[in-house]
Amino acid sequence: MRIFDKLNPEQQEAVRRTEGPVLILAGAGSGKTRVITHRIAYLLEERGVNPWNILAITFTNKAAGEMRERVDAMIGHGAAGVWISTFHSLCVRILRRHIDLLGYETNFAIYDTDDQKTLMKEVCARLNIDTKKLKERQILSAISSAKNELITPLRFREEAGTDYYQRRIGECYEEYQKALKKNNALDFDDLLMKAVELFTLHEQVLVSYQNRFRYIMVDEYQDTNHAQYELVRLLASASRNLCVVGDDDQSIYRFRGADISNILDFEKDYPEALVVRLEQNYRSSQTILDAANSVIRNNERRKDKRLWTDRGQGEKIRFRRFATAYEEASFVAEDIEGRIRKDKGASYKDFAVLYRTNAQSRLIEDRLVLSSIPYNVVGGTNFYDRKEIRDVLAYLKTVDNARDDLAVRRILNVPRRGIGQTTISRVAAFAVSEDMTFYEAMLRVNSIPGIGRAASKIRAFTDMIEGFRAYGEDHRLSDLLGHILEESGYKASLEDSDDENAEDRIRNVEELFSKLADYEEHDDSEEGPSLSGFLEEVALVADIDSVEDSDNRVLLMTLHSAKGLEFPHVYITGLEDGVFPSAMAMDEDGMEGEEEERRLAYVGITRAREDLTLTAAQSRMARGEVRFNPESRFLSEIPADLMDDMSARGRRASARARDFYDDIFSDEDAPPFEEGGRITSLGAYAESLRGKKARVPETSPRKEEPGKKGGLASLSGIPGLQKGAAGLKSPAGTGAKPAGSKPRAVYVKPHTAEEKLPYITRASRASAKKQAAAAPAAPDYGPGDRVRHQRFGEGTVLSVTPGPRDYKVAVEFDSCGRKVMYAAFAGMEKI
DNA sequence: CGCGAGGATATTTTT
DNA sequence: TATCCTCGCG
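Residues numbered from 1 in each chain as written. Chains lettered and ligands numbered in written order. Predicted model: local features only at pLDDT ≥ 70, side-chain atom pairs only at ≥ 80, totals over all residues. Heavy atoms only, no water.

**Description of the overall build of chain A**
Here's step 1: A tally of regular secondary structure across chain A gives 33 helices and 24 strands.
Here's step 2: Buried residues in chain A amount to 55% of all 831 residues.
Here's step 3: Within chain A, residue pairs in contact and separated by at least 24 positions form 72% of the contacts whose partners lie at least 6 positions apart.
Here's step 4: With the model as given, the accessible surface of chain A reaches about 37000 Å², and the carbon-plus-sulfur share is 47%. (Helix = DSSP H or I, 4+ residues; strand = E, 2+ residues; numbered from the N terminus. Buried < 20%, exposed > 50% of the residue type's maximum accessible area, 1.4 Å probe, protein only. Contact = heavy atoms within 4.5 Å. Areas by Shrake-Rupley, 256 points an atom, 1.4 Å probe, with all protein chains shown as cover.)

In structure tokens form, the structure reads like this:
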């Protein structure tokens, strides 16, 4: 049978058992996506299941898209009815249909982190929360955790007991939910929680979906949180045909509520479950798998398994250690360059550079630019997080759903319309007293007390928005966007701004434009393309979703983003204690933090197909300080015989450094610091410690502050030592633990340009800037030429003048008169 | 009401 | 180091 041709016996078993619960423990690279897609094919072709009855859930759009592609490739059009969707978009689809049962309108907005923060700020102001003591972020993360656990505001307050801060957070939670509802908005976590709420409160809705989804498959099950668990449980509880696929060793999203117990306890929830283990790896060499196995073996809380392959031993794992992070970046760039040159078959897209935090990409990027190596960075500042994009989206949101106060207020005075804080406060106060939305209040501007001259400005704004709505009635979405950009003056304000990033901004807006046009072309939803549809798609994109395999570029990303991907050549950088494993994670109580970091290491190692390179830097700059870190503990967990350690000498030195730290910081009579000394290297630091003039301070917990972990035990308390000159990173949980435990890293503040030099790539910065600022090509038309504009139609060019960033073009259009615009942005063609 | 300067503050990971 | 926020002046 065709479906089973390419499957090993375990995979076949997993595909064949379609009835009842199935747990597939799929190690990295063991072909789990293959199993899911083949299972879908089998259900459709051999079991005659209606595609409509199948639901496959993933975490990212990219994973969903790939699954869709593969299923289509096997089955063709017959699979079109199968729902393959992310958790979040599944919930949105369901809620768009039924959320009126919960008192929201079905065109609800979806708030992202930024919106949440803005809203929370208002809530805190209203509740007189001292945001110095209780930060918005902290409150939001508490609320997020609560929602992931399906804890309602009511229950949250009940459980808060007498704890002052918990009670305050409870108040915020309640108020925040009210504000969301008033804005007809849901945040990310609401999408899941409201869907569960819907199913719990309205059984007939649940039953209809249970009838529909007879066969449910969940990918990356180890990453589900309680809300997702509950959602799946409810949907599957009638048919019990639930197949979950996951790897407990790859659970790396604890911070967003993922509960590893969901997969570890699956057999308790479904005692009749068939458990299939997929341990044969089709991706990596045995050496890479051995390394991965021997690292992950150090975790306590896991199901034991052992990956194997028949692909042979392969290359040793390379380890390189450098004095500074800049040298580390140089090595990566030069190494990639060298391999591309040497190996004719190699191309840029075969390489991935991974790191623990987004901030680490900077240096590597700079260095790649210097070597003219094409690269893409996944994540970091999301495209949709950029100011100009958020502005433009706020226009679209306002036109789409004026109940979204945040969007309305964001653009009210962007570009400047002379509407100031006083006016905004008056409108807001009126809206509250009359119990209406901000926009409704503006529509009744004449009734608002105290608004004098500003009334006409407000009127002009609402007229404009109403005009956009009317325009949107009988125009395409992309035309509407063009109209908005033009009429609102937003485009003009971008073009006229002397902000040095204006060029990028314009480019980004253009990109949004083409994304909208693209959406319009390719949307295949039942309802057809709509503004809400586009905004929803935009709200639910993940960083990784935009990765195109077709781009021949080196990929840079965090270890988290790399999950699910594979590359022939992988570099994992920043293998230093404090960076990876991250100091933050290690500060947590117990082993959970460290074990999660170790799983992250496991994920990183198993991304590599042919070879893996690990790198570390003795010192790197962070937040304007140079930080000396010991080598990552994970390195020592990889057997030496698997490693090609070109830094053997460095490693010994590093081991000495580790001992050195231990000695110094655990010693009661610790050696002192030199007065006012500056430390530029570990050696110099050691020297300074031998001076016996001051004592190493006891690690002093900061003032008691809620939620605050032990921070920098600054040396400012030492007489004579410059404030901020050096510091010791306090050890795990210092805030709560007694003084005297061991600090883990040394911080040094560079004072002179010379001291900073090794850590920055000034040359590359300058050249990168120059490259970006290169003058755009002159347009191929000149005065007197006839041109065509996408929206304005045909016209005659009056003049072309070089502007600060781009050529300014004046055109007399046949239909709508004279316009002046930037050549690159206008995108006109000569006719 | 708009803008600039200067100070405080932050970096873990993301649907 | 880089961004954000607040404050004060024109």
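Structure's up, so let's keep going.
**So, the pattern of salt bridges**
A pair can form between side chains of opposite charge whenever their charged atoms are brought close.
Here's step 1: Under the counting rule described, the total for this entry stands at 58 salt bridges.
Here's step 2: The residue aspartate 611 makes a salt bridge to arginine 339 at a minimum N-O spacing of 3.1 Å. Here the residue aspartate 611 occupies a position in strand E14 (residues 608-622), and arginine 339 occupies one in helix H15 (residues 325-342), the gap between them amounting to 272 residues.
Here's step 3: According to the relative accessible area criterion, aspartate 611 is buried, its value standing at 7%.
Here's step 4: Looking at arginine 339, the relative accessible area reads 18%, which means it is buried.
Here's step 5: Here glutamate 596 makes a salt bridge to arginine 599, at a shortest N to O gap of 2.9 Å. Of the two residues, glutamate 596 and arginine 599 both sit in helix H28 (residues 592-605), three residues apart, roughly one turn of that helix.
Here's step 6: Owing to a relative accessible area of 3%, arginine 599 belongs among the buried residues under this scheme.
Here's step 7: A single network of salt bridges, built from pairs that share partners, joins Asp247, Asp248, Asp249, Arg302, Asp304 and Lys305. (Salt bridge = Lys/Arg side-chain N within 4 Å of Asp/Glu carboxyl O.)

**Considering the protein's contact with DNA strand B**
Here's step 1: In the neighbourhood of DNA strand B, 27 residues make up the surrounding shell, with Arg137, Arg356, Arg416, Thr422 and Met584 lying closest.
Here's step 2: Residue histidine 88 places a side-chain N or O atom 3.1 Å away from a base oxygen belonging to DNA strand B.
Here's step 3: Elements that contribute at least two residues to the surface near DNA strand B include exactly helix H19 (421-433) and helix H26 (559-562).
Here's step 4: If you tally residues by element for the surface near DNA strand B, the top one is H19, at three residues.
Here's step 5: Residues belonging to the surface near DNA strand B are distributed by class as follows: six nonpolar, 13 polar and eight charged. (Near = heavy atom within 4 Å. Polar contact = N/O pair within 3.5 Å; in protein donor to acceptor, adjacent residues only side chain to side chain. Nonpolar A, V, L, I, M, F, W, Y, C, P; charged D, E, K, R; others polar.)

**Details of the packing of aromatic side chains**
Here's step 1: One pass over the full model with this rule turns up 14 aromatic pairs.
Here's step 2: For the ring pair tryptophan 83 and phenylalanine 213, a centre distance of 5.1 Å and an interplane angle of 50 degrees mean the geometry is tilted. Here tryptophan 83 is found in strand E3 (residues 83-86), whereas its partner phenylalanine 213 is found in the loop between helix H10 (203-212) and strand E6 (215-218), with 130 residues between them in sequence. The exposure classification of tryptophan 83 matches that of phenylalanine 213, with both residues buried.
Here's step 3: Geometrically, the ring pair formed by tyrosine 519 and phenylalanine 534 is tilted, given 5.5 Å between the ring centres and 55 degrees between the ring planes. Pair noted here: tyrosine 519 is in helix H24 (residues 502-522) and phenylalanine 534 is in helix H25 (residues 531-539), with a separation of 15 residues, a long-range link. As far as the burial class goes, tyrosine 519 and phenylalanine 534 line up, both buried. (Phe/Tyr/Trp six-rings, centres within 6.5 Å; stacked < 30°, edge-to-face > 60°.)

**Describing the sheet that holds strand E1 (residues 22-26)**
Here's step 1: Taken together, the six strands give an open sheet; going across it, the order is E3-E2-E6-E7-E1-E8, and neighbouring strands pair in parallel fashion. Looking at which strands have only one partner, the edges of the open sheet turn out to be E3 and strand E8 (274-278). Strand-to-strand, the axes of this sheet are offset by a mean angle of 15 degrees, without reference to chain direction.
Here's step 2: In terms of strand pairing, E1 meets E8 through five bridges, oriented parallel. Residue leucine 25 lies in a different strand from E8, and its bridge partner there is arginine 277.
Here's step 3: Packing of helix H4 (residues 87-98) onto the sheet brings it into contact with strand E2 (54-58), E3 and E6, and relative to E3 it is tilted by some 110 degrees. (Pairing = 2+ DSSP bridges. Axes fitted to C-alpha atoms, helices over the stretch in contact; angles between N-to-C directions.)

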